[in-house]
Amino acid sequence: MDYAAIELVVAEGVAVITLNRPEKLNAFNALMTKETIDALKRTGRDHAVRTVVITGAGRGFSAGQDLADVAGRGDDFSIAEHLRAGYNRIVTLITTMEKPVIAGVNGVAAGAGCGIALACDLRICSAKASFIQAFSRVGLIPDSGSTWTLTRLIGYARAYEMAVTADRISAEKALSWGMVNEVVPHEQLPEILMAWARQLACGPTVAYGLTKRAMYKALNSTLAEALEYEAQLQDIAGRTADNKEGVAAFLEKREPEFRGE
Ligand code: LHQ
């Protein structure tokens with residue numbers, strides 16, 4: 001599709017958004033931010049898309065904010081507005097999209113690039129991937145949701161350590177800390193990433209989306225509230241064609257053919 005700073009390819013129920021400024025390690029300039037928001041809205045709305053993949057072209061996933069793009073802005077430049085109009089929308093679109101979003105972390109994910117990878121539902125990483133909460137290197141605090149996602153994923157002490165040291169965390173360490181789902185040999189990342197994506201795209205999409213909604217709500221609720229919300233959402237899942245198909249397939253001892261409905 002006609003983007004300049006990203007690529008969007010949709011096939012077999014999978015949308016792949018590739019951040020595409022490899023010469024700048026896919027740092028986010030204004031155009032890339034605008035196009036990423038547009039692609040996430042488009043893929044979120046498209047019922048033919050049942051899984052979204054976000055990855056990077058070249059040797060990086062994303063180096064976060066393009067610092068050259070904001071360096072020349074005057075005193076009236078508001079970082080708060082920049083975040084609200086850009087990264088906050090990207091993170092909200094990813095986390096509220098009722099289908100799985102997978103980060104294919106092909107290389108370094110720094111600053112807001114790290115935040116965006118952390119906002120995805122799953123992270124499948126190349127052995128060459130790394131994560132840097134680079135913000136403190138430029139005198140800033142973690143943004144793009146990192147204070148929320150990282151503390152929940154790896155706990156306060158490790159999250160704070162990453163923030164104040166801005167050290168590069170290797171893929172292996174990220175795996176041992178529970179930040180990522182799988183680390184694979186670099187050359188095999190595209191193939192393994194697409195295998196994950198295609199498998200999820202053949203799944204019960206409504207249930208996957210409701211699972212995401214329920215788990216996000218559960219992160220900030222009591223057990224009693226979570227039990228009640230599960231009951232409400234299970235009522236919805238239980239009315240889907242995919243629920244009927246799943247049960248029928250089990251009883252008939254065959255593989256289910258989910259349609260995402
Ligand atoms: C870059 C960048 C980059 C521009 C690599 N910008 N060119 C929100 C609101 C408003 C303001 C500010 O920020 C934020 C949120 C944030 O994201 S703050 C954090 C911003 N990101 C960083 O501070 C990371 C900066 N980059 C790095 O520290 C390194 O590039 C890492 C460690 C990611 C990778 O290092 P190397 O593998 O050694 O690559 P490199 O540094 O040689 O970069 C390759 C090229 O990419 C290079 O360009 P050049 O023309 O010299 O070849 C870099 O200048 C460019 N690049 N990151 N964020």
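Residues numbered from 1 in each chain as written. Predicted model: local features only at pLDDT ≥ 70, side-chain atom pairs only at ≥ 80, totals over all residues. Heavy atoms only, no water.

### A word on the nonpolar core
For step 1, the next point in the chain: Counting residues in hydrophobic clusters, the biggest one holds 47 residues, and the most contacted among them are Ile54, Ile94, Val105, Phe131 and Met179.
For step 2, the next point in the chain: Here this core gets six residues from one element, more than from any other, and that element is helix 5 (residues 112–119).
For step 3, the next point in the chain: Not counting the four nearest positions on each side in its chain, Ile54 is found in contact with Ile17, Leu19, Leu40, Phe61, Ile94, Val101, Ile102, Ala103, Gly104 and Cys120.
For step 4, the next point in the chain: Core analysis: the next-biggest nonpolar cluster, separate from the first, contains 14 residues, Val16, Leu122, Val184 and Leu200 among them. (Core = buried A, V, L, I, M, F, W, Y, C linked by side-chain atoms within 4.5 Å. Buried < 20%, exposed > 50% of the residue type's maximum accessible area, 1.4 Å probe, protein only. Helix = DSSP H or I, 4+ residues; strand = E, 2+ residues; numbered from the N terminus. Contact = heavy atoms within 4.5 Å.)

### So, the packing of helix 6 (residues 146–154) against helix 7 (residues 156–165)
Each pair of packed helices can be summarised by the angle the axes make with each other and by the distance between the axes.
For step 1, the next point in the chain: Where helix 6 meets helix 7, the axes come as close as 7 Å, and the angle between the chain directions of the two elements is 130 degrees. In terms of orientation, helix 6 and helix 7 fall into the oblique class. As helix 6 packs across helix 7, the resulting crossing turns out to be right-handed. Side by side, helix 6 and helix 7 meet where Leu150, Thr151 and Ile154 of the first sit next to Tyr156, Arg158, Ala159 and Met162 of the second.
For step 2, the next point in the chain: Its residues placed into classes, the contact of helix 6 with helix 7 shows five nonpolar, one polar and one charged. (Axes fitted to C-alpha atoms, helices over the stretch in contact; angles between N-to-C directions. Parallel < 35°, antiparallel > 145°, perpendicular 65-115°, else oblique. Left-handed = near helix turned anticlockwise from the far one by under 90°. Nonpolar A, V, L, I, M, F, W, Y, C, P; charged D, E, K, R; others polar.)

### Thoughts on the sheet that holds strand 4 (residues 60–62)
For step 1, the next point in the chain: Here we have four strands laid out as an open sheet, ordered 4-6-8-9, and mixed in their pairing. This sheet does not close on itself; its edge strands, each paired only once, are strand 4 and strand 9 (168–170). Adjacent strand axes in the sheet meet at a mean angle of 20 degrees, parallel and antiparallel pairs treated alike.
For step 2, the next point in the chain: The pairing of strand 6 (residues 108–110) with strand 8 (residues 130–132) spans three bridges and is classified as parallel. Within strand 8, the residue paired with Ala110 across the bridge is Ile132. (Pairing = 2+ DSSP bridges.)

### Quick look at the domain arrangement of the protein
For step 1, the next point in the chain: Per the domain assignment, the segments making up the protein are domain 1 (6–201) and domain 2 (205–251).
For step 2, the next point in the chain: One C-alpha centre belongs to domain 1, the other to domain 2; they are set 27 Å apart.
For step 3, the next point in the chain: Each partner contributes residues to the interface: domain 1 has 13 residues there, and domain 2 has nine residues.
For step 4, the next point in the chain: In total, about 990 Å² of surface goes out of reach between domain 1 and domain 2, with carbon and sulfur atoms giving 50% of it.
For step 5, the next point in the chain: On the domain 1 side of the contact with domain 2, Thr95, Glu98 and Trp148 bury the most area, a combined 49% of that side's loss.
For step 6, the next point in the chain: Applying the counting rule to domain 1 against domain 2 returns two salt bridges.
For step 7, the next point in the chain: Note that Arg213 and Glu98 form a salt bridge whose closest N and O atoms lie 2.7 Å from each other.
For step 8, the next point in the chain: Where domain 1 meets domain 2, there are seven residue pairs in polar contact (both at pLDDT 80 or more).
For step 9, the next point in the chain: Secondary-structure elements contributing two or more residues to the side of domain 1 that touches domain 2 are helix 4 (87–96) and helix 6.
For step 10, the next point in the chain: Counted by class, the side of domain 1 that touches domain 2 contains seven nonpolar, one polar and five charged residues. (Domains from an automatic or database assignment. Buried area = accessible area lost by both parts, 1.4 Å probe. Salt bridge = Lys/Arg side-chain N within 4 Å of Asp/Glu carboxyl O. Polar contact = N/O pair within 3.5 Å; in protein donor to acceptor, adjacent residues only side chain to side chain.)

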